[in-house]
Amino acid sequence: MNAPEKLKTPSRSASELTCIVRVNEEIKSIVATAFRINLMALNAIFLAKRAGNAALGFGVLSNELRRFAQDLTRHMASLRDMTSGSVGSVTGVVQQQRNSAILLQAIRLSGDGVPGVREARKRGAQRLAEQHGRLRALDQRLRAAVEETQQLVELGGVLARSAKIEAAYGGGFSPALMQVSTDFAEVIAQIKRSLEVLGKERLVKD
Amino acid sequence: MKQAHCIYQNDDHRWLAIARDASKPGYLIDTNEYVVMDGDQALLCDPGGIEIFPAVFSALSAECDPTTLAGIFASHQDPDIISSLALWLEFKPDLKCYTSWLWQSFLPHFGGSESTFVPIPDPGMTIRLGSLELQAIPAHYLHSSGNHHLYDPKAKILFSGDVGAALLPPDQGGLYVEDFTRHIRHAEGFHKRWMGSDRAKRDWCERVSRLDIDMMVPQHGAIYQGADVQRFINWFAALEVGVLRG
Ligand SMILES: [Fe+2]
Ligand SMILES: [Fe+2]
């Protein structure tokens, strides 16, 4: 026998960890954008106040957009809780896969006749299945939460479009209001793209 | 490829040495693992690192039923001693791991739970295995600050962990020390650098000189037999330790 076969590291779960990193980065960028929307909405509220009667509708929509930014921040916080919990589950899977792979290699070297190996493999497979089950459940919860957030962002898109319409009635303030509502529409489109990316990520690869 | 060699047998009381692995990757330090067996119980001494687990497991399984493993004795906390712990527990979840109390909350980073560990107090303790009463002998600061060796008074074997270790060239691959003077040259640098306390060393030399030892089996290198055991103790007693060079 020559040099021992290199121990296999489970690249599948390593890629699951990379996936969590990507999900977290996406969440972070959405949180930052939500913060921006909140500030933009505050500015819009002041602008509408200065525009007076001509921008009453715009003012109401700005308030709604601010509430939207706060709701979005809350959604993202619960998404973040989910992904930080999933790091623990993925690590459990990585460890179990690694242990099972090394034990399998030991059993291959020793032959199948060694007492106790069948039970040990069965126990390992069972633990792995349990951990995968937990991860799958987390993945489903994460996806459901992303879908819910997507619906919320649809509502944000409607608010931004309505703000644009209201801006047209802003009299002398119209160009400024128009600029603000265009900015709203842009950042919301950006969030939509991020959520699409998030929706495609899977914590468990079947 | 590692192989288990029977170095002592008296009925079903046996010692196996899983020693000297020429096929392991060069970047890993070579280690010896030992199995003490009596009746239907076995104890594995310093089971080694994760990387060599498959080789140790298969060598052990070739000579002994691995389900009879009742425990693991870890002389200290080093990765080449005990980082394979999680894998042995993967095979046998109820294994007990005997180790210095000092490492009781450190070793779980390698695996195991609260019920896995049996802390050995500083003065040592008796570890029962079948009809045997094995003695955990204090060897603190040699080199680890919480360190024990394992003495089998019936077989007159002392498992001495890193003490007696020699980093031998590939052409000196024998299981036993054949020429003490030639052998000890490969142990000198290691003992000077790794053994940190002269006082601890003198205490240990005195302590083990009182034991009746036929074989001293270290975790690295070849096994000392007969007169070479006392020769080693005398050599070690005279050696200046805890020095970087010289
Ligand atoms: Fe060590
Ligand atoms: Fe060592």
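Chemist: Whenever I open this one, the coordination of the iron ion (ligand 2) confuses me. Can you help?
Modeler: Ideal geometry at a metal gives 109.5 degrees between four tetrahedral donors and either 90 or 180 degrees between six octahedral ones. Residue and element names in this part refer to chain B. Coordination of the iron ion (ligand 2) by the protein comes from Asp 80 (OD), Asp 162 (OD), Gln 219 (OE1) and His 220 (NE2), over a distance range of 2.1 to 2.5 Å. Taken together, the 4 donor atoms coordinating the iron ion (ligand 2) and their angles of 80 to 170 degrees define a geometry best described as irregular. Binding-site remark: the iron ion (ligand 2) is held by donors from one chain whose sequence spacing is D-x81-D-x56-Q-H. Between the two metal centres, the iron ion (ligand 2) and the iron ion (ligand 1), the spacing is 3.5 Å, with Asp 162 acting as a shared donor. With Asp 80 in helix α2 (residues 79-82) and Gln 219 in the loop between β12 (215-217) and β13 (224-225), this pair connects stretches of sequence that are 139 residues apart.

Chemist: What is the right way to look at the coordination of the iron ion (ligand 1) in this model?
Modeler: Residues and elements named next belong to chain B. Those protein atoms acting as donors to the iron ion (ligand 1) are His 76 (NE2), Asp 78 (OD), His 143 (NE2) and Asp 162 (OD), and they sit at 2.1 to 2.2 Å. Because the angles between the 4 donor atoms bound to the iron ion (ligand 1) fall within 85 to 170 degrees, the donor set is best described as irregular. The sequence motif formed by the donor residues of the iron ion (ligand 1) is H-x1-D-x64-H-x18-D.

Chemist: Honestly, the packing of aromatic side chains in this entry has me stumped. Any pointers?
Modeler: Aromatic ring pairs are described here by two measures, namely the spacing of the ring centres and the angle between the planes. Residues and elements named next belong to chain B. A full pass over the atoms with the stated rule returns 15 aromatic pairs over all chains. Between Phe 190 and Trp 194, the aromatic rings sit 5.8 Å apart at their centres with planes inclined by 20 degrees, giving stacked as the arrangement. Highlighted residues: Phe 190 and Trp 194, both in helix α4 (residues 180-194), separated by 4 residues, approximately one helical turn. We classify Phe 190 as buried; its relative accessible area is 8%. With centroids separated by 5.1 Å and ring planes inclined at 50 degrees, the aromatic side chains of Tyr 224 and Phe 232 adopt a geometry described as tilted. There is no split in this pair, since Tyr 224 and Phe 232 are both buried.

Chemist: So what exactly am I meant to see when it comes to the side chain of Thr 149 of chain A here?
Modeler: Residues and elements named next belong to chain A. With respect to the element layout, Thr 149 can be found in helix α3 (residues 117-167). A polar atom in the side chain of Thr 149 sits 2.7 Å from the backbone oxygen of Ala 145. Aside from chain neighbours lying at most four places away, what touches Thr 149 is Leu 72, His 75, Met 76 and Leu 195.

Chemist: Would you take a moment to explain the pairing of strand β9 (residues 132-138) of chain B for this structure?
Modeler: The two faces of a sheet get side chains in turn, since along a regular strand they alternate between them. All names here are of chain B. Of all 7 residues that make up β9, 5 are buried, and the element is covered over most of its length. Taken together, the 5 bridges between strand β8 (residues 125-129) and β9 define a ladder with antiparallel strand orientation. Bridging across to β9, Arg 128 finds its partner in Glu 133. Joining the antiparallel neighbours β8 and β9 is a turn of 2 residues, in which Gly 130 adopts a positive phi near 60 degrees.

Chemist: Help me understand the sheet that holds β12 of chain B in this model?
Modeler: Where strands meet in a sheet, backbone hydrogen bonds hold them as pairs that are either parallel or antiparallel. All names here are of chain B. Strand order in the open sheet made by the 6 strands is β8-β9-β10-β11-β12-β13, with mixed pairing throughout. A strand with exactly one partner marks an edge of an open sheet, and here the two such strands are β8 and β13. Bridge count between strand β10 (residues 148-152) and strand β11 (residues 157-159): 3 bridges; the pairing is antiparallel. By the bridge assignment for β11, Leu 150 is matched with Phe 159. Along the sheet, helix α5 (residues 198-209) makes contact with β9, β10, β11 and β12, crossing β9 at roughly 155 degrees.

Chemist: Sorry, what's going on with the interface of chain B and chain A here?
Modeler: Put simply, an interface is often sized by how much accessible area is lost when its parts join up. Counting residues at the interface gives 22 residues for chain B and 24 residues for chain A. Summing both sides of the interface, chain B and chain A together bury roughly 1,700 Å²; the carbon and sulfur share of this comes to 68%. In terms of surface lost to chain A, no three residues of chain B exceed Pro 54, Glu 90 and Phe 91 of chain B, which account for 33% of the buried area on that side. At the junction of chain B with chain A, the criterion picks out 1 salt bridge. For the salt bridge of Glu 90 of chain B with Arg 127 of chain A, the shortest nitrogen-to-oxygen distance reads 3.3 Å. Between the two partners, chain B and chain A, sit 4 residue pairs in polar contact (both at pLDDT 80 or more). Elements with a contribution of two residues or more to the side of chain B that touches chain A: α1 (53-63) and α3 (85-91) of chain B. In terms of residues, the side of chain B that touches chain A owes the most to one element, α1 of chain B, which gives 6 residues. Of the residues assigned to the side of chain B that touches chain A, the class counts are 13 nonpolar, 4 polar and 5 charged.

Criteria and cut-off values
- Residues numbered from 1 in each chain as written.
- Chains lettered and ligands numbered in written order.
- Predicted model: local features only at pLDDT ≥ 70, side-chain atom pairs only at ≥ 80, totals over all residues.
- Heavy atoms only, no water.
- Donors = N, O, S within 2.8 Å, 3.2 Å for Na, K, Ca; no water.
- Tetrahedral: all angles 85-135°; square planar, octahedral: opposite > 155°, others 65-115°.
- Helix = DSSP H or I, 4+ residues; strand = E, 2+ residues; numbered from the N terminus.
- Phe/Tyr/Trp six-rings, centres within 6.5 Å; stacked < 30°, edge-to-face > 60°.
- Buried < 20%, exposed > 50% of the residue type's maximum accessible area, 1.4 Å probe, protein only.
- Polar contact = N/O pair within 3.5 Å; in protein donor to acceptor, adjacent residues only side chain to side chain.
- Contact = heavy atoms within 4.5 Å.
- Pairing = 2+ DSSP bridges.
- Axes fitted to C-alpha atoms, helices over the stretch in contact; angles between N-to-C directions.
- Buried area = accessible area lost by both parts, 1.4 Å probe.
- Salt bridge = Lys/Arg side-chain N within 4 Å of Asp/Glu carboxyl O.
- Nonpolar A, V, L, I, M, F, W, Y, C, P; charged D, E, K, R; others polar.

All quantities given are derived from atomic positions and should not be read as evidence of function.
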